[in-house]
Every structure is written in structure tokens, then in C-alpha cells.
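# Residue-level structural notes
As a plain string of letters, each chain reads:
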Amino acid sequence: MKKIIIDCDPGIDDSLAIMLALQSPELQVLGLTIVAGNAPVEMGFQNAKKVLKFLNRLDVPVYAGEAAPRKREYVNALDTHGADGLGESFLPEVENQPIPEKTAVEFLSDELRKGGVSIIALGPMTNLAKLVDTDPEALLMAERIVSMGGNFRSHGNCSPVAEYNYWEDPDSAKVVYAFAYEHQRMIEMVGLDVTREIVLTPEILEKMITANPVVGDFVKKITKFYFQFHWEWEHIRGCVINDPLAVACFLNPELLSGLEAFTDVETTGISLGQTVVDSMGFYRKESNARVFTKVDTIGFWELFLTRILQISKKQVQEEFREVYLEKNQ
Ligand code: BDR
Ligand code: CA
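## What to know about the site of ligand 1
- Close to ligand 1 lie Asp-13, Asp-14, Asn-38, His-81, Leu-122, Met-148, Asn-157, Glu-163, Tyr-164, Asn-165, Asn-242 and Asp-243.
- One of the side-chain N or O atoms of Asn-38 is found 2.8 Å from an oxygen atom in ligand 1.
- Within the complex, the protein chains bury 96% of what would otherwise be the 280 Å² of accessible surface of ligand 1.
- The cavity that encloses ligand 1 is the largest pocket.
- Those elements that provide at least two residues to the shell around ligand 1 are α1 (12-22) and α7 (164-168).
- Its residues placed into classes, the shell around ligand 1 shows three nonpolar, five polar and four charged.

Below, the structure is given as C-alpha cells:
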């Protein structure tokens, strides 16, 4: 089993990513660390607990992390994720939970130092940049760092050029990419170029409900708001579910392909939060990122649906092929 920590800001798609990770027998989820992003950190903490409760996995520890970006003012994404950060599902609060004895950054530091632990980062990189400040040796011990964030050839979702996680805290993203460069490490960048291909359509959702009504109804409850948002803003039928693709990338890197390049993040001006991917080698700098540009969408859906619905691959192939092929052919 591979040990992972999921650093996240739940968040509708973060929740789907947590579900995928916890239903994957290859993974040992050591804990969830929460960062301010889609939702303020206390709300993200509570949402993580709600998802864990649904999965009957309240044994997985959750640690609250940084409440605001490194330098800039905090801008949440509740317009996308709903007033409760979980698609206005308004699930009941999870009460009587032990108060964690560590902060997210302390937990990351302690666990990474044990070795063989990877990070899947699904929110702004504020906690990780703080770890660079407080315990860089621990971050160096991370086996893999997979980050949902950024965009290369695709347009942004917060500005023409910037994706939310890196736009919300560009200074932290810059610190982490610079750290990777300095120590010859590779960040696996699962950005909008590939996540945009993962659209949960109403047809897939309906089939999910038929295949596993309990999980399907839960997914419907938390994604309803997201569907409306995507229709209003992007004229997409369905919703782009970004974060589970980062977990899928961790589980099966062959689902994605791309290039290796020196990558940096802009922290000021009109292109704030933009990932600058030097694919042509202008800067003559060693690569610090594996930037994905192509995804096997069918492979993703087969992995995601078998895991979260707990059904066989054969059942997925028989019952879902026509609905996800429709969009992905
Ligand atoms: C990213 O930002 C958030 O809205 C999502 O949870 C995802 O991590 C996509 O830009
Ligand atoms: Ca997220």
C-alpha cells in the first residue's frame, strides 16, 4: 500500500477525490490536511468530516491548516462550490469530534519524515509552502507530489490564463515550484489541460444512481449546484471534476501523458497565477514539473466508477460505455 496525505480544500470535487482515494485498496490515506481555498479552512475541515462520515471512515484524521494565502487577501470559491462549500447539500455537521492536536503543517512534517509518504495536493499550495519555511527536509522526503493546479495550453478558470488553486495563492505555488527546482524534484502537474476533459454529465450521474443508489444520490446532492454553475458560466452540460484526476494520476500515471519542463508561477499583474511552462527550453533550466496535456478519459472513468461505486469493471464497461463515450470520442 502507498501512503498518502491529501492536502485539500473541500470542495465538491475534492470530496469526490477523497472518496476515490479511500475506496482504493492500493492507498493508505494517513490523513487529510485542509487549506483555505474553495471554502474557508474551518468549513473545509467540517466538509472533510462530512465526507468521511458518509464513507464511515471518521478514523481518518483531519488537520486544519493555513487560513489565508501567503501574501494576498483570501478569495474563496463559494460561488462555484455553494454557500456550504459542498454544493449547498447542507449535510448535518459532524459533532463530538476530537480536536486535532497538531496543525496540518505539523502533521505533514511528522509523517513525511517517516519516509515513503506522498502528497496529493488538491487546493492552493499554502500549507506546502509553509512546510518549505518550517521543515524543508520533510518535504524533500516526499515520495511523490501530485498537484491539481495550473494550466499550460488550456485557458484558465479564474482569468484568461490562471487556474484557481494557483491563482488564489500564487506566492505559495511559486515557492513550492522553486523548491522543486532547487532540489531537482518533479511536481506532477495535473492542470486544466487534462481535468477539463473529465466532465461528469447528467447521463453518467443517472447511471451512477442506478448502479449504486447510496453513493449516486450522495454525488447528486453535492454536485447539483456545480452543474448549475457550469451551465451558467461555461455552457457545459455537467460539471468538470478536477480533483479526482490527481488521485487517478497517483494510482495509475499511465492514464496521463505530457512533457517535462521548468515551470514557474506568476505572482503579479494581469497574468497573476499563470503557470509559465518553459516547454521550449528558453530559460535553459532543468525541469521541475511533469506537465500533463493528455488524458485517457475512458481509463479514468473506469477507475473512478469501479472504485467509488464498488462495482466491477465489466459492469462499468457494459453500463457506462455509451454515456462516457458520447462525450469522449
Ligand atoms: C480547482 O479549484 C477548485 O475549485 C477545485 O476544487 C479544484 O481543485 C480547479 O481549478
Ligand atoms: Ca480543490
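So much for the structure itself; the text now carries on.
## Focus on empty space enclosed by the protein
- Counted by the stated rule, this structure contains one cavity of 30 Å³ or more.
- In this structure, the largest cavity occupies an estimated 30 Å³ of space.
- For the lining of the largest cavity, the element with the most residues is helix α8 (residues 170-182), which contributes three residues.
- In terms of residue class, the lining of the largest cavity is built from six nonpolar, no polar and one charged.

## Looking at the coordination of the calcium ion (ligand 2)
- Within the first shell, the calcium ion (ligand 2) binds the protein through Asp-9 (OD), Asp-14 (OD), Asp-14 (OD), Leu-122 (O) and Asp-243 (OD), at distances of 2.2 to 2.6 Å.
- Counting the intervening residues between successive donors of the calcium ion (ligand 2) yields the motif D-x4-D-x107-L-x120-D. Taken together, the residues span a long stretch of sequence, with Leu-122 in the loop between β4 (117-121) and α5 (126-134) and Asp-243 in helix α12 (residues 243-251) at a distance of 121 residues. Side by side, Leu-122 and Asp-243 carry an identical accessibility label, which is buried.

## Focus: the side chain of Lys-49
- Position of Lys-49 among the secondary structure elements: in helix α2 (residues 41-54).
- Within the buried core, Lys-49 has no salt-bridge partner, and the shortest N-O distance to an opposite charge, that of Glu-101, equals 9.6 Å.
- In this structure Lys-49 touches Leu-58, Val-62, Val-94 and Gln-97, once residues within four positions along its chain are discounted.

## Looking at the pairing of strand β2 (residues 27-34)
- Summarising burial for β2: seven of the eight residues are buried, a large majority.
- As defined by bridge partners, strand β1 (residues 2-8) adjoins β2 across seven bridges and the pair is classed as parallel. Directly across from Cys-8, in β2, lies its bridge partner Ile-34.
- Read as a crossover between parallel neighbours, the route from β1 over α1 to β2 is right-handed.
- Across three bridges, β2 lies against strand β3 (residues 62-64) in parallel orientation. Bridge pairing links Thr-33 to Tyr-63 in β3.
- Crossover connection from β2 via α2 to parallel β3: handedness right-handed.

## Here we look at the layout of surface pockets
- Within this model, the largest pocket holds a volume of roughly 530 Å³.
- In terms of lining, the largest pocket is formed by 28 residues, of which the most central are Thr-80, Asn-157, Cys-158, Tyr-164 and Phe-229.
- When residues of the lining of the largest pocket are traced back to their parent elements, those giving at least two are α1, α3 (78-81), α7 and α11 (213-234).
- Broken down by element, the lining of the largest pocket gets its largest block of residues, five residues, from α11.

## Quick notes on unusual backbone geometry
- Following Pro-10, the chain continues to Gly-11 via a peptide bond in cis, the omega torsion being -5°.
- Within the fold, Gly-11 resides in the loop between β1 and α1.
- Here Asn-56, not a glycine, exhibits a phi torsion of approximately 60°, which is positive.
- For Asn-56, the location among the structural elements is in the loop between α2 and β3.
- Taking relative accessible area as the criterion, Asn-56 reaches 67% and is therefore assigned exposed.

The rules behind each value
Residues numbered from 1 in each chain as written. Chains lettered and ligands numbered in written order. Predicted model: local features only at pLDDT ≥ 70, side-chain atom pairs only at ≥ 80, totals over all residues. Heavy atoms only, no water. Near = heavy atom within 4 Å. Polar contact = N/O pair within 3.5 Å; in protein donor to acceptor, adjacent residues only side chain to side chain. Areas by Shrake-Rupley, 256 points an atom, 1.4 Å probe, with all protein chains shown as cover. 1 Å grid on protein atoms, 1.4 Å probe; cavity = no way out; pocket = protein on both sides within 12 Å on 5 of 7 lines; lining within 4 Å. Sits in = over half its atoms within 2 Å of the grid points. Helix = DSSP H or I, 4+ residues; strand = E, 2+ residues; numbered from the N terminus. Nonpolar A, V, L, I, M, F, W, Y, C, P; charged D, E, K, R; others polar. Points joined across faces, edges and corners; volume = space filled by probe spheres on them. Donors = N, O, S within 2.8 Å, 3.2 Å for Na, K, Ca; no water. Buried < 20%, exposed > 50% of the residue type's maximum accessible area, 1.4 Å probe, protein only. Lys, Arg positive; Asp, Glu negative; His and termini not counted. Salt bridge = Lys/Arg side-chain N within 4 Å of Asp/Glu carboxyl O. Contact = heavy atoms within 4.5 Å. Pairing = 2+ DSSP bridges. Right-handed = clockwise from strand over helix to strand, strands pointing away.

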